[in-house]
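What the coordinates show
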Amino acid sequence: MSLESKIPVAFDFEGPLANPAIDFAWMTFNDLVSSATKEKFSKERIEEFDLYDDIRWEYERSSQGHSTGTTPLICDYVAVIDGVTDQQLIAFARRKVELNKGVEGLVRNLMASGPFYIVTNSHPALSLVTAEQHSIPLKDVFTHGRQIHGGRVERIQTSLEKEVAARSPLSALAQYNKDELRLFLDKYLAACAEILREMQGNTPYIKNAIDKHDALFNLLSHPLGEEMAHQLLNEEAITGGHNKTRILRRIAPDGNVVFIGDSIVDADAIEFARYGFSVNCTNNHALVSSKLNIVTDDMGGLQPILEDIQNGRFALEGAKTRYSGLQVFTPQDIKDSLDSVKGANKEMKSALKKAYTK
């Protein structure tokens with residue numbers, strides 16, 4: 001099989017490649033944002049927003065009206081307000097990133113054998129630092145920010161620092177008035193909390209709450225209002241939910257692609273990909289969408305599956321025997337016993353997190 005005919009392989013970054021204890025958005029909030037800013041934008045407010053984001057995605061999933069995965073962007077805005085810079089995030093990523101066991105060899109083999117991509121909702125600093133360290137072309141790494149939808153980055157920059165700055169919401173917003181951004185974010189989080197209450201109560205006023213949410217962007221001065229609408233309202237800076245599917249469709253319009261993820265943000269991409277797999281996954285939506293679920297502490301063990309896909313030998317029938325070095329669950333397993341499958345994934349994910357935090 002020629003390189004051109006190889007099936008593209010794409011991975012989410014946090015979880016499948018980086019240790020699942022690494023949540024870069026929350027790590028940025030916890031470690032880099034000042035106590036004074038956290039008094040205004042507390043962890044509890046952002047956690048409430050995170051719940052809103054997931055529930056609204058569930059509410060609008062069939063119409064693709066909302067793409068879950070917005071919380072990292074909200075953490076970016078809090079960081080901008082606090083004066084955190086992309087240079088700080090790059091240095092932070094270099095200190096904090098830890099890849100899962102077997103990832104380095106797996107990535108090396110994948111890059112040698114065919115098209116390999118990272119499609120992540122992380123801030124660009126996290127995955128681009130890893131890409132630079134492992135000679136992954138930056139153009140093959142899709143992150144949140146200004147790059148994802150043919151947006152506003154016309155070419156790959158000459159250095160990691162310039163590429164991060166070109167994509168990052170922090171760099172895009174640093175020039176604007178922080179007080180105006182602070183006031184907007186306060187009102188925005190309150191509007192999202194109101195939508196959450198209406199959705200949880202299944203009231204007839206959900207549309208009214210969404211309209212009030214959308215109208216907030218008209219109150220911002222130009223061009224900040226245009227930038228925020230581009231990033232947040234139009235979701236052009238969010239690589240989550242069905243927006244990951246948009247990226248995969250650019251890579252493989254017919255869906256003949258491998259995608260491996262582990263969370264609710266990956267569910268739509270897993271569903272779209274012909275070989276949409278979850279690994280160490282504890283989210284119901286992503287599990288139910290999976291063509292195969294894999295539980296492992298060594299990502300190098302995925303290599304036989306990926307080789308079989310490239311050589312036309314992959315089949316769900318007999319997968320448990322063929323891949324006996326891994327714990328695998330088929331769609332039928334997931335359908336018959338979702339809770340036990342989820343439990344096996346949760347146990348492995350917890351063990352990996354515990355090993356990282358020692």
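Since we're looking at a predicted model, the values are computed, not measured.

Points about helix 4 (residues 71–82)
The α-helix winds at 3.6 residues per turn, so residues separated by three or four positions along the chain end up facing the same way. The terminal C-alpha atoms of helix 4, which comprises twelve residues, lie 17 Å apart, in line with the 16 Å expected from a rise of 1.5 Å per residue. For helix 4, the complete set of buried residues consists of Thr71, Pro72, Leu73, Ile74, Cys75, Asp76, Tyr77, Val78, Ala79, Val80 and Ile81. On its buried face, helix 4 is in contact with helix 1 (24–32), helix 2 (35–40), helix 3 (43–60), helix 9 (169–173), helix 10 (178–201) and helix 12 (224–233). Just past helix 4, the residue Gly83 takes up positive phi, approximately 90°.

Things to note about the packing of helix 3 against helix 4
In the contact formed by helix 3 and helix 4, the axes pass within 9 Å of each other and the chain directions differ by 150°. What the angle tells us is that helix 3 and helix 4 run roughly antiparallel. Between helix 3 and helix 4 lies a crossing whose hand is right-handed. The residues of helix 4 that touch helix 3, namely those facing Ile46, Phe49, Asp50 and Asp53, are Thr71, Ile74, Cys75 and Val78. Taken together, the residues of the contact of helix 3 with helix 4 sort by class into five nonpolar, one polar and two charged.

Looking at the state of the cysteines
Enumeration over the complete set of coordinates arrives at zero disulfides. For Cys75, which is in no disulfide, the shortest distance to another cysteine sulfur is to Cys192 and amounts to 13 Å. On the accessibility criterion, Cys192 (0% relative accessible area) is buried.

Comments concerning the packing of aromatic side chains
The final tally for this structure, using the stated rule, is twelve aromatic pairs. On the basis of an interplanar angle of 20° and a centroid distance of 6.4 Å, the ring pair of Phe314 and Tyr323 is categorised as stacked. The exposure classification of Phe314 matches that of Tyr323, with both residues buried. Joined through ring pairs, the aromatic side chains of Phe49, Tyr52, Phe184, Tyr188 and Phe217 make up one cluster. For the cation-ring pair, Lys38 lies above Phe29, with the distance from its terminal atom to the ring centre recorded as 5.4 Å.

Focus on the pattern of salt bridges
The tally for this structure, following the rule as stated, stands at 21 salt bridges. In this structure, Asp31 engages Lys96 in a salt bridge whose closest nitrogen and oxygen atoms are separated by 4.0 Å. Taken together, the positions of Asp31 in helix 1 and Lys96 in helix 5 (residues 86–96) put the pair 65 residues apart, joining distant regions of the chain. When the shortest N-O distance is used, the salt bridge between Lys212 and Glu194 registers 3.1 Å.

Comments concerning the pairing of strand 6 (residues 292–295)
Here strand 6 shows no split at all, with Leu292 and Ile294 on one side and Asn293 and Val295 on the other all buried. The pairing of strand 5 (residues 275–279) with strand 6 spans three bridges and is parallel. Opposite Ser278, over in strand 6, you have Asn293 as the bridge partner. Note on the crossover from strand 5 through helix 15 (residues 284–289) to strand 6: the handedness is right-handed. Pairing of strand 6 with strand 7 (residues 327–329), which is carried by three bridges, proceeds in the antiparallel orientation.

Section: the packing of helix 1 against helix 5
Running from N to C, helix 1 and helix 5 cross one another at 110°; their axes reach a closest spacing of 12 Å. One finds that helix 1 runs roughly perpendicular with respect to helix 5. On helix 5, the residues touching Phe24, Met27, Thr28, Asp31 and Leu32 of helix 1 are Leu89, Phe92, Ala93 and Lys96. Here the contact of helix 1 with helix 5 is built from residues that sort into six nonpolar, one polar and two charged.

Considering the environment of Asn243
Tracing the backbone shows Asn243 in helix 13 (residues 242–251). In sequence terms Asn243 and Leu232 are eleven residues apart; their C-alpha atoms lie 13 Å from each other. A polar side-chain atom of Asn243 sits 3.1 Å from the main-chain carbonyl oxygen of Glu235.

Overview of the confidence of the model for the chain
Of all residues in the chain, 96% attain a pLDDT of 70 or more, and the chain-wide mean is 94. Here residues 148–154 scores under 50 on pLDDT; set against residues more than four positions off or in separate chains, the count is 21 contacts.

Topic: the environment of Cys192
Residue placement: Cys192 occurs in helix 10. The sequence separation of Cys192 and Thr203 amounts to eleven residues, and the corresponding C-alpha distance is 15 Å. Aside from chain neighbours lying at most four places away, what touches Cys192 is Phe49, Tyr52 and His213.

What counts and how
- Residues numbered from 1 in each chain as written.
- Predicted model: local features only at pLDDT ≥ 70, side-chain atom pairs only at ≥ 80, totals over all residues.
- Heavy atoms only, no water.
- Helix = DSSP H or I, 4+ residues; strand = E, 2+ residues; numbered from the N terminus.
- Expected span 1.5 Å × (residues − 1).
- Buried < 20%, exposed > 50% of the residue type's maximum accessible area, 1.4 Å probe, protein only.
- Contact = heavy atoms within 4.5 Å.
- Axes fitted to C-alpha atoms, helices over the stretch in contact; angles between N-to-C directions.
- Parallel < 35°, antiparallel > 145°, perpendicular 65-115°, else oblique.
- Left-handed = near helix turned anticlockwise from the far one by under 90°.
- Nonpolar A, V, L, I, M, F, W, Y, C, P; charged D, E, K, R; others polar.
- Disulfide = S-S within 2.5 Å.
- Phe/Tyr/Trp six-rings, centres within 6.5 Å; stacked < 30°, edge-to-face > 60°.
- Lys NZ or Arg CZ within 6 Å of the ring centre and 35° of its normal.
- Salt bridge = Lys/Arg side-chain N within 4 Å of Asp/Glu carboxyl O.
- Pairing = 2+ DSSP bridges.
- Right-handed = clockwise from strand over helix to strand, strands pointing away.
- Polar contact = N/O pair within 3.5 Å; in protein donor to acceptor, adjacent residues only side chain to side chain.
- pLDDT = per-residue confidence, 0-100.

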